[in-house]
Amino acid sequence: MAVTDHVDLNGFMEGVKKRNPYQPEFVQAVQEVAEDIFEFMQDKEEYHSQQILRRIAEPDRVVSFRVCWEDDAGNIRVQRGWRVQNNNAIGPYKGGIRFHPSVTESVLKFLAFEQTFKNALTGLPMGGGKGGSNFNPKGKSVREIMRFCQSFMTELYRHIGADIDVPAGDIGVGGREIGFMFGQYKRITNNFTGVLTGKGLEWGGSLIRTEATGYGAVYFLENMLATKGENLEGKTAVISGSGNVATHAAEKIVQLGGKVLTLSDSGGFIHDPDGIDQEKIYWVKTHKTHRRGRIEEYVEAFPNATFHAGKTPWGVPCDVALPCATQNELLGEDAKTLVANGCKAVSEGANMPTDLDGVHTFKHAKILYAPGKASNAGGVAVSGLEMSQNSERRSWKEEELQQMLKDIMSGIHNSCIQYGNQGGGYIDYVKGANIAGFKKVADAMLAFGVV
Ligand code: NDP
Ligand code: 2IT
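Described below are features of the structure shown in this document. Keep in mind the model is a prediction, meaning the values are calculated, not measured.

### Here we look at the pattern of salt bridges
Turning to step 1, where the next piece is worked out: This structure, assessed with the given rule, holds 26 salt bridges.
Turning to step 2, where the next piece is worked out: Between K363 and D36 there is a salt bridge, and its shortest N-O distance comes to 3.4 Å. Of this pair, K363 sits in helix α13 (residues 356-365) while D36 is found in helix α2 (residues 24-41), placing the two residues 327 residues apart along the sequence. With respect to burial, K363 and D36 carry one shared label: buried.
Turning to step 3, where the next piece is worked out: The partner of D319 in a salt bridge is K344, and the shortest N-O contact between them spans 3.9 Å. Of this pair, D319 sits in the loop between β9 (306-309) and β10 (320-323) while K344 sits in the loop between α12 (332-340) and β11 (345-347); the two residues are 25 residues apart in sequence, bridging distant segments of the chain.
Turning to step 4, where the next piece is worked out: Counted as one network, the salt bridges with shared partners bring together E32, E114 and K373.

### With respect to the packing of aromatic side chains
Turning to step 1, where the next piece is worked out: For the structure on display, the rule yields 22 aromatic pairs.
Turning to step 2, where the next piece is worked out: For the pair Y47 and F438, a centre-to-centre distance of 5.4 Å together with 80 degrees between the ring planes defines the contact as edge-to-face. On the criterion of sequence distance, the pair formed by Y47 in helix α3 (residues 45-49) and F438 in helix α17 (residues 429-448) is long-range, its members being 391 residues apart. When sorted by exposure, Y47 lands in the same class as F438, which is buried.
Turning to step 3, where the next piece is worked out: For the pair F362 and Y369, a centre-to-centre distance of 4.9 Å together with 40 degrees between the ring planes defines the contact as tilted.

### Looking at the site of ligand 2
Turning to step 1, where the next piece is worked out: In the vicinity of ligand 2 there are 14 residues, among which K94, K118, K130, D170 and S383 approach most closely.
Turning to step 2, where the next piece is worked out: In this structure, R209 approaches ligand 2 through a side-chain N or O atom, which is 3.0 Å from an oxygen atom.
Turning to step 3, where the next piece is worked out: Within the side chain of S383, one N or O atom sits 2.5 Å away from an oxygen atom of ligand 2.
Turning to step 4, where the next piece is worked out: Protein coverage of the free-state accessible area of ligand 2, which is 290 Å², stands at 94%.
Turning to step 5, where the next piece is worked out: For the shell around ligand 2, the elements supplying multiple residues, two or more each, are β3 (93-99), α5 (105-121) and α15 (378-392).
Turning to step 6, where the next piece is worked out: Partitioning the shell around ligand 2 into residue classes produces 2 nonpolar, 7 polar and 5 charged.

### Some remarks on the sheet that holds β11
Turning to step 1, where the next piece is worked out: Read across the open sheet, the 7 strands follow the order β9-β8-β7-β6-β10-β11-β12; overall the sheet is mixed. At either end of the open sheet lies a strand with only one pairing partner, and these are β9 and β12 (368-370). Each adjacent strand pair in this sheet contributes to an overall mean axis angle of 15 degrees, direction not counted.
Turning to step 2, where the next piece is worked out: With 4 bridges joining them, strand β7 (residues 259-265) and strand β8 (residues 268-271) adopt antiparallel strand pairing. The partner of T262 across the bridge, within β8, is H271.
Turning to step 3, where the next piece is worked out: Its contacts with the sheet put helix α8 (residues 209-226) on β10, β11 and β12, and the angle it makes with β11 is roughly 150 degrees.

### Regarding the sheet that holds strand β1 (residues 61-70)
Turning to step 1, where the next piece is worked out: The strand order β1-β2-β4-β3-β5 describes an open sheet built from 5 strands, whose pairing is mixed. With one partner strand each, in any of the chains shown, β1 and β5 (165-168) form the two edges of the open sheet. Averaged over all adjacent pairs, the angle separating strand axes in this sheet is 20 degrees, with direction ignored.
Turning to step 2, where the next piece is worked out: Here strand β2 (residues 76-87) runs beside strand β4 (residues 127-133); their pairing, made up of 6 bridges, is antiparallel. Residue pairing for β4: Q85 is matched across the bridge by G129.

### Let's talk about the environment of G15
Turning to step 1, where the next piece is worked out: Here G15 lies in helix α1 (residues 9-19).
Turning to step 2, where the next piece is worked out: Taking relative accessible area as the criterion, G15 reaches 16% and is therefore assigned buried.
Turning to step 3, where the next piece is worked out: Separated by 98 residues in sequence, G15 and F113 have C-alpha atoms that sit 16 Å apart.

### Here we look at the pairing of β3
Turning to step 1, where the next piece is worked out: Along β3, 7 of the 7 residues are buried, which leaves the element largely enclosed by surrounding structure.
Turning to step 2, where the next piece is worked out: Handedness of the crossover joining β3 and β4 through α5 is recorded here as right-handed.
Turning to step 3, where the next piece is worked out: Direction of pairing for β3 relative to β5: parallel, over a ladder of 4 bridges. Within β5, the residue paired with G96 across the bridge is A168.

What counts, and at which threshold
Residues numbered from 1 in each chain as written. Chains lettered and ligands numbered in written order. Predicted model: local features only at pLDDT ≥ 70, side-chain atom pairs only at ≥ 80, totals over all residues. Heavy atoms only, no water. Salt bridge = Lys/Arg side-chain N within 4 Å of Asp/Glu carboxyl O. Helix = DSSP H or I, 4+ residues; strand = E, 2+ residues; numbered from the N terminus. Buried < 20%, exposed > 50% of the residue type's maximum accessible area, 1.4 Å probe, protein only. Phe/Tyr/Trp six-rings, centres within 6.5 Å; stacked < 30°, edge-to-face > 60°. Near = heavy atom within 4 Å. Polar contact = N/O pair within 3.5 Å; in protein donor to acceptor, adjacent residues only side chain to side chain. Areas by Shrake-Rupley, 256 points an atom, 1.4 Å probe, with all protein chains shown as cover. Nonpolar A, V, L, I, M, F, W, Y, C, P; charged D, E, K, R; others polar. Pairing = 2+ DSSP bridges. Axes fitted to C-alpha atoms, helices over the stretch in contact; angles between N-to-C directions. Contact = heavy atoms within 4.5 Å. Right-handed = clockwise from strand over helix to strand, strands pointing away.

From the geometry alone we can't say anything about function, so treat these as descriptive.
Quick look at the structure:
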């Protein structure tokens, strides 16, 4: 009898906790997946005996490095940088880079773990990785950000490559930062290659990559609503965040006839009962992204809105909710409030925004609830399409890419139904996404033997 026959979910999680002390986010992400995978594996001895989940939950490698840079006042600053290469069973490691003071090894390990399943769900050949630094871009000059990006890449370059590991953006990393990092990579290696995605259109980027995560999360939401014969027309939406994902999710909701009531940042949320229309979304994009302003200033520009300092928006009654800021921003109590207020559907634009309590609340209430690894996969999917275009040395048209994004999101939705249909009209999207993502990676790993 194989030793692993004796390990149940609790035993497995005890081991994960023991091997990853002080890494709560990573343990949380593994727990959420393991709950479904242990059930799925019950009658699948090979996955057990080959220790597949245990192997996916142990990153292939975690590279940690010092990043020194000089600020504008001439002070020497020291940050820590990481790249977590979680799993490359189905393709080169792929995943974003996050610059935020809250970044730790635990946060990047959870993100790289989740990315492994998400990338598998897209149907494209991409493994899972994530990187970043505890560098805080807020309040830094553009030249300071440039120097930091250059220093970060001066170490990172030796660990990445178009067929090895292809980073992209995430919190605090957008087109500008990708430009600085790509420039430094090219300078060090003398190699113009598709080593990063989210590049500018003039130098190998793809159309709609910027919009893809937010748009994709709304396409997924529409797919979910369609299972109930509904759509977004006339529905109210509560959104958190005001960055790349949040503003593009808001844009697509407005385009599809919905009314967006809230946006937020780390200072609090704004509630605009008139609806945040396209013009107001442009204002937010300019104000937050280009001017690095605070969302609270929205109420000066649009006085019918109110600002709620230090609060998240989940208490505002709505038909649909899209958490698009950061991990663990929607807690069990918030989930209960949303359900009690009649929220029909939740589509996560952020990664793991809902804590485990919240996940269980949504599952118990049987509402339409999509975990980030399914609903926010549009961004990395278009990154995958950017890689293909780079390899082919050509660019596809916007309509082609829009259609591919829609098709990929529908494909993920179908995979969730395949493995998450519980009967009686209830689809457990968490279970569906976990099993569909796991199965693809697991079967590739089985083919490779014990490596
Ligand atoms: P941005 O940096 O563009 O925006 C982040 C937004 O979230 C800002 O409004 C920011 O507020 C807020 N935020 C960040 N950290 C916190 C925090 N600790 N507490 C409260 N608010 C916070 O990032 P993105 O929009 O790209 O990313 C948002 C989420 O989407 C992340 O979870 C990311 O991993 C996920 N994601 C992103 C993808 C992409 O393609 N960009 C793809 C898939 C998922 P403030 O300005 O005050 O910091
Ligand atoms: O979380 C994510 O999927 C991203 N930040 C995008 C990753 C990518 O490689 O485009």
